[in-house]
Amino acid sequence: MAAIPPLQTVVLDRASDAPTLTSAINIGAFNFGNPLAAWLAGAAIGAGFGYASANIVGAMMTAAGLALAYATLRLDARERRHIWSPHNASHYRNARENPMSTTLPLASQNILIIGGARDIGFAIANAIHEAGATPVIGARDLVKAREAAERIPGARAVSIDITNEDSIVRALDEVGPLDHIVTTASAHHNVPVSQLDHDHVVSAFEAKVIGPMVLAKHAAKTLRPDGSLLLFSGVAAWNPSPGYAVMGITNGAVTYAVTHLAKELAPIRVNAISPGIIDSGSWDAMGDNAKHEFLEDSGRATLVGRVGRNDDIARAVLWLLEGSFVTGETIHVDGGARIA
Ligand SMILES: NC(=O)c1ccc[n+]([C@@H]2O[C@H](COP(=O)([O-])OP(=O)(O)OC[C@H]3O[C@@H](n4cnc5c(N)ncnc54)[C@H](OP(=O)(O)O)[C@@H]3O)[C@@H](O)[C@H]2O)c1
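Cut-offs and rules
Residues numbered from 1 in each chain as written. Predicted model: local features only at pLDDT ≥ 70, side-chain atom pairs only at ≥ 80, totals over all residues. Heavy atoms only, no water. Phe/Tyr/Trp six-rings, centres within 6.5 Å; stacked < 30°, edge-to-face > 60°. Helix = DSSP H or I, 4+ residues; strand = E, 2+ residues; numbered from the N terminus. Near = heavy atom within 4 Å. Polar contact = N/O pair within 3.5 Å; in protein donor to acceptor, adjacent residues only side chain to side chain. Nonpolar A, V, L, I, M, F, W, Y, C, P; charged D, E, K, R; others polar. Pairing = 2+ DSSP bridges. Axes fitted to C-alpha atoms, helices over the stretch in contact; angles between N-to-C directions. Contact = heavy atoms within 4.5 Å.

A. Looking closely at the packing of aromatic side chains. Going through the model one piece at a time under the given rule, you end up with 1 aromatic pair. Ring geometry for W283 versus F294: centroids 4.6 Å apart, planes at 45 degrees, classification tilted. With a gap of 11 residues between them, W283 in the loop between β6 (269–275) and α12 (288–300) and F294 in helix α12 connect regions that are remote in the sequence.

Laid out in structure tokens, this is it:
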């Protein structure tokens, strides 16, 4: 029988509890849009109350049912997906069963990690898998993305270049609804100011600042309302050092970006992590000796006496993705290097 509005709410609630998308749709369709059932019920009610034409009541019930079905279909696409998505059913259940909970468990969520094929990004993808979610590994090179995804059970792969808007749109379209997006992409131009190259400066800003802004533009349409976008800043922003102006300035800009984006994209959360020096793999290019010396010095320049590990960052990422009351923030995971 066609639902009346208060019942509609109950129906949505029941549908959100359905174990599969199909059964959710069935529950909704039966209650919203089954004109035959509505007509029969209306006719029966009409006859029961002794109306001259039970058909008129049946027709009215059918019209009401169809109107409700139409209104439901016109729900904002994101809201609709939010209601019908089976994995969101578990979120609703969690919220109902744990009303005091301030976190949203990542289990069965879809999380895109741009830069996820190696180093910190790959560690994040692994941690996301261990948390029960599905990592979608994004890399410029699809082969690298696929190779990385093959090393994590259930992981997916997509080609994405964060400096290219078409590539962002294509990738988001391909991967479908997402709960969170993390981007670790960066491009380095570590030279003294006197040697700056205009195009390399632009590339650095594109990878860390402009790309994530364009990503936010499109991700806002695809992310769940209680999902989040996580950017990467870095300790260089707070420790000015000759030769690292581009790194410092781009990382600093990320911190401002998350405050502005968080306000405009709310309730979607936008945060950043600012790592200290991490033995992520990205320093390997220095060669063994130089890298060892650099990491020793960097460890001494922290309050905890060591450089970071990929796992230090991955654990902070999980906390931020789950932390439903944190937005617009930059979390420093640097062993105190910023204030040492
Ligand atoms: N490691 C540290 O000590 C440290 C310190 C402070 C801050 N951070 C920040 O933490 C983040 C991760 O660090 P990391 O050490 O893992 O860095 P990384 O080794 O340089 O990794 C960067 C990742 O971004 C990808 N990438 C670069 N440009 C891209 C683009 N245009 N589109 C899509 N992906 C792109 C790279 O993929 P490709 O394989 O395609 O190049 C790579 O997977 C970076 O933002 C970095 O600035 C790191």
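B. Expanded view of the site of the ligand. Lining the immediate surroundings of the ligand are 26 residues, of which D119, R140, T184, I278 and S280 lie closest. Taking D161, its side chain carries an N or O atom lying 2.8 Å from a nitrogen atom of the ligand. Between the ligand and the protein, one listed contact pairs an oxygen atom with a side-chain N or O atom of S282 at 2.9 Å. Its residues placed into classes, the shell around the ligand shows 10 nonpolar, 10 polar and 6 charged.

C. How the structure looks around the sheet that holds strand β4 (residues 178–183). Spatial strand order, β3-β2-β1-β4-β5-β6-β7: 7 strands in an open sheet with parallel pairing. In this open sheet, the two edge strands, each paired with only one partner strand, are β3 (156–159) and β7 (330–333). Within this sheet the neighbouring strands show an average axis-to-axis angle of 20 degrees, counted without direction. Its contacts with the sheet place helix α7 (residues 119–130) against β1 (110–114), β2 (134–139), β4 and β5 (223–232), and it is angled at close to 160 degrees to β2. Sitting on the sheet, helix α11 (residues 245–265) is in contact with β5, β6 and β7, with an inclination near 165 degrees to β6.

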